[in-house]
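Structural description and commentary
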Amino acid sequence: MASVDSTFAPQWKYDVFLSFRGEDTGKTFTDHLYTALDENGFYAFRDDGKHEKGEEIAPEFLTAIEESKISILVFSKNYASSRWCLDELETIIKSMKKPGRMVMPVFYHVDASEVRDQIGSCEVFLSHERDAEETKEKVNRWRAALREASNLVGWPLHNHRYESQLIKEIITDILRRLNCELLQVDYDTVGMEFRLKKLLSLINLKLDKVLMIGINGISGIGKTTIAKAIYNKISYHFQSTIFLTNVGENSRGHHLNLPQFQQLLDDASIGTHGRTKNKRVLLVVDDVDRLSQVEFLVKLRDSFSLRSRIIFTTRDRHLLNVAKLDASFESKGLTHEEAIHLFSWHAFKQTFPKEDYVGLVNHVVGYVKGHPLALKVLGSSLFGKTITEWKCILHKLRKNTHGEIYNELKVSFDGLTPTEQEIFLKVVCLLKGKDEESVSTILDSLGLGSESGIQVLHDMCLVTISNNKLYMHDLLQQMGQKLIHENNPHEPCKRSRLQDSKDVYPQLTRNTGTEEIQKIQFSSAGFLKMPKLYSLMHLPLKSLPPNFPGDSLILLDLSRSNIRQLWKGNKILGNLKVMNLSYCQNLVKISKFPSMPALKILSLEGCKKLRSLPSSICELKCLECLWCSGCSNLEAFPEITEKMENLKELHLNETAIKELPSSIYHLTALEFLNLEHCENLESLPSGISKLEHLKSICLCACSKLKSLPPTPGRWNI
């Protein structure tokens, strides 16, 4: 499923505002600092000396301060003698109280105590008090601003320090402060820095225009890795950063058409409404496979602010050529030396082969031909193996005369135990992209050792875990799907999992399904001969058929489907642990929940038309997590008429809720309550103080919330 990793900031025009005394540092330290900021891609504002200095600070300076995220105060010997500088300082200290702004002082050959007490080199400040034109009130405001600024953490510069060293420290600190949340990247891929340097030259951060760049290459070659790495490296230059993942997988598996792609962009605040016009945007669209997706963004070029960058990754180089992007970068395989380095790291936990294995390593690397994913998977599967075992695996590789990567990856699958193989296939068909808690719940329900099994797959590089979610590379998923298909290539009804609509349709419409079928990823009617069905995913239907066998169902994933209602009448889903209805744009109402005594996780995230929840939610006694994030028309949460003793997380952020029910104290196990961006929320019930296990409550951007009930000290608000 496609997802969005994004970071949004207020619409800053400048990264940094420089406040300094021109005659002290304008042509020395401050000029060098400004140059360093510019070279690192920061947009800084400074007095260029062209403005006439009058009694009052120029309005454009006041505006620039308001539009800057960081203000750097360069306190020098004559800083306090300038009324202009003091007016800047006062405005900066005031703006510091507003969300998102930072102030960083530099003490240039003066001590912080001199600035604080206006003594020593700052003694000239006394002249302001004798000046009849300055009111006592203004002078006192200046003094207060100096004291407050001097107490901030900053950088001292005295004769024993090199200015260049201090400037380097300042740049590093700004990078840290401005950097948005980074994506998880496997940086053990050697040669990364060389590739990033080449890609950076194409991105050209200094060019004052919108650029669109493509990254192309075969599956598993590292396109997503380098896209994430470049995102992390340059994201601090932008005011909004968005990383759209798995777009191609979404379009291939779940029919992501152009309107749905547009909806994804709209959810990330990229769309036809001009919301990006005043923000420098970094947008990465990973794994596109349709020309319409690229062309849609190409047509939006004028909607982006100058210096915005849009990056696509794809396996289809022709797609990039047709779209006529500004530049393209081909992600190629590793050199022989780089391949040995990467393979050895996974096979021996060091960057070079053990002496007795050098020849074997060269043979394996020669077969893989610089493919990073195959090198990692094979290396991990050979870790700790004897030379005899190595030779056995090498023999299997030699039989792969066509050099298909599938056979090279299958070597690792063959080395798993039967239980581990089953877990791998569950991930292939069911668990990819799911959060770790859902994964554990489902695997444990199926009698599979979730913790140890997933750890083995992770150690062998067959799965990855990022942001508490389980992922698998497309190539490994395709290998697993091929293994399932090979099990009964001509009789789909005898397979345990059906994903291809060509195989699913006959089983449903002709009622030819068998009890072997455990998982379906498409749907119609005709479930009656599938009593072992444990997973139902991504239905194109408007409602569930009344006759499907839900007794053994563990996962019901209808996310991004056309579902309008679940079903008519009562239904018992005795073993259901996870229900995912997220982003069902046509789901308006849930009249009543079915009997789901084992349900632990319920997601309604992004159901924008959903206006209410049924009171029967209280009957979900085992429910641990409830997500209603982004249900923008959800105006009320139902009264909780009886205790819910297992609900630990409740996500109501970005909803239209005005108040919580007074009976919230019945959520006796609640630990985390998310109410961020509930702009209609006016109050919290007093009963919330009775929640003994509540540790954290998020109230950011609740603009109408005027007061809070008594809050225990243990809360993190």
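See above for the structure.
The following refers to the structure shown.

Description of the overall build of the protein chain
Within the protein chain, the regular secondary structure consists of 24 helices and 23 strands. Buried residues in the protein chain amount to 53% of all 717 residues. Put simply, 62% of the contacts in the protein chain that link residues at least 6 apart link residues at least 24 apart. When the accessible area of the protein chain is evaluated, it comes to approximately 32,300 Å², of which 49% is carbon and sulfur surface.

Section: the packing of helix 16 (residues 358–368) against helix 18 (residues 387–398)
Where helix 16 contacts helix 18, the two axes come as close as 11 Å, and the packing angle between them is 25°. The angle between the axes of helix 16 and helix 18 places the two elements in the roughly parallel class. Note on packing geometry: the crossing formed by helix 16 with helix 18 is left-handed. For the pair formed by helix 16 and helix 18, the contact residues are Leu360, Val361, His363, Val364 and Tyr367 on the first element and Ile387, Trp390, Lys391, Leu394, Leu397 and Arg398 on the second. Here the residues of the contact of helix 16 with helix 18 are counted per class, giving 8 nonpolar, 1 polar and 2 charged.

Here we look at the packing of aromatic side chains
By the definition in use, this model includes 14 aromatic pairs. Between Tyr231 and Phe243, the ring centres sit 5.6 Å apart and the planes meet at 85°, which makes this aromatic pair edge-to-face. Residue Tyr231 is found in helix 10 (residues 223–234), and its partner Phe243 is found in strand 8 (residues 240–245); the two are separated by 12 residues along the sequence. One exposure class covers both Tyr231 and Phe243, and it is buried. Taken together, a centroid distance of 5.9 Å and an interplanar angle of 90° make the contact between Phe343 and Trp390 edge-to-face. In this pair, Phe343 sits in helix 15 (residues 336–348) while Trp390 sits in helix 18, placing the two residues 47 residues apart along the sequence. For the residue pair Phe343 and Trp390, the accessibility class agrees, reading buried in each case. By the ring-pair criterion, three or more aromatic residues cluster together here, those being Tyr14, Phe17, Tyr43, Phe45, Phe61 and Trp84. One residue, Arg307, lies across the ring of Tyr43, its end atom 5.7 Å from the ring centre. The aromatic ring of Tyr665 is capped on one face by Lys690, whose charged end is 5.2 Å from the ring centroid.

Quick look at the pairing of strand 9 (residues 281–285)
For a regular strand, side chains alternate in direction, first toward one face of the sheet and then toward the other. The buried fraction of strand 9 amounts to 5 of the 5 residues, a majority that puts the element mostly inside the structure. Where burial is concerned, the two faces of strand 9 agree: the one with Val281, Leu283 and Val285 and the one with Leu282 and Val284 are both buried. Sheet topology note: the strand 8/strand 9 ladder contains 5 bridges and is parallel. Bridging across to strand 9, Phe243 finds its partner in Val284. Across 4 bridges, the pairing between strand 9 and strand 10 (residues 309–314) is parallel. Across the sheet, Leu282 pairs through a bridge with Arg309, a residue of strand 10. Note on the crossover from strand 9 through helix 13 (residues 291–299) to strand 10: the handedness is right-handed.

A few points about the pairing of strand 4 (residues 68–75)
Of all the 8 residues making up strand 4, 8 are buried; the element is thus mostly covered by neighbouring parts of the structure. Bridge analysis of strand 2 (residues 14–19) against strand 4 gives 5 bridges, and the strand direction is parallel. Paired with Leu18 across the strands is Ile72, a residue of strand 4. Judged from the 6 bridges that link them, strand 4 and strand 5 (residues 102–108) form a sheet pairing that is parallel. Paired with Ile70 across the bridge in strand 5 is Met102.

Reading the values: the criteria
Residues numbered from 1 in each chain as written. Predicted model: local features only at pLDDT ≥ 70, side-chain atom pairs only at ≥ 80, totals over all residues. Heavy atoms only, no water. Helix = DSSP H or I, 4+ residues; strand = E, 2+ residues; numbered from the N terminus. Buried < 20%, exposed > 50% of the residue type's maximum accessible area, 1.4 Å probe, protein only. Contact = heavy atoms within 4.5 Å. Areas by Shrake-Rupley, 256 points an atom, 1.4 Å probe, with all protein chains shown as cover. Axes fitted to C-alpha atoms, helices over the stretch in contact; angles between N-to-C directions. Parallel < 35°, antiparallel > 145°, perpendicular 65-115°, else oblique. Left-handed = near helix turned anticlockwise from the far one by under 90°. Nonpolar A, V, L, I, M, F, W, Y, C, P; charged D, E, K, R; others polar. Phe/Tyr/Trp six-rings, centres within 6.5 Å; stacked < 30°, edge-to-face > 60°. Lys NZ or Arg CZ within 6 Å of the ring centre and 35° of its normal. Pairing = 2+ DSSP bridges. Right-handed = clockwise from strand over helix to strand, strands pointing away.

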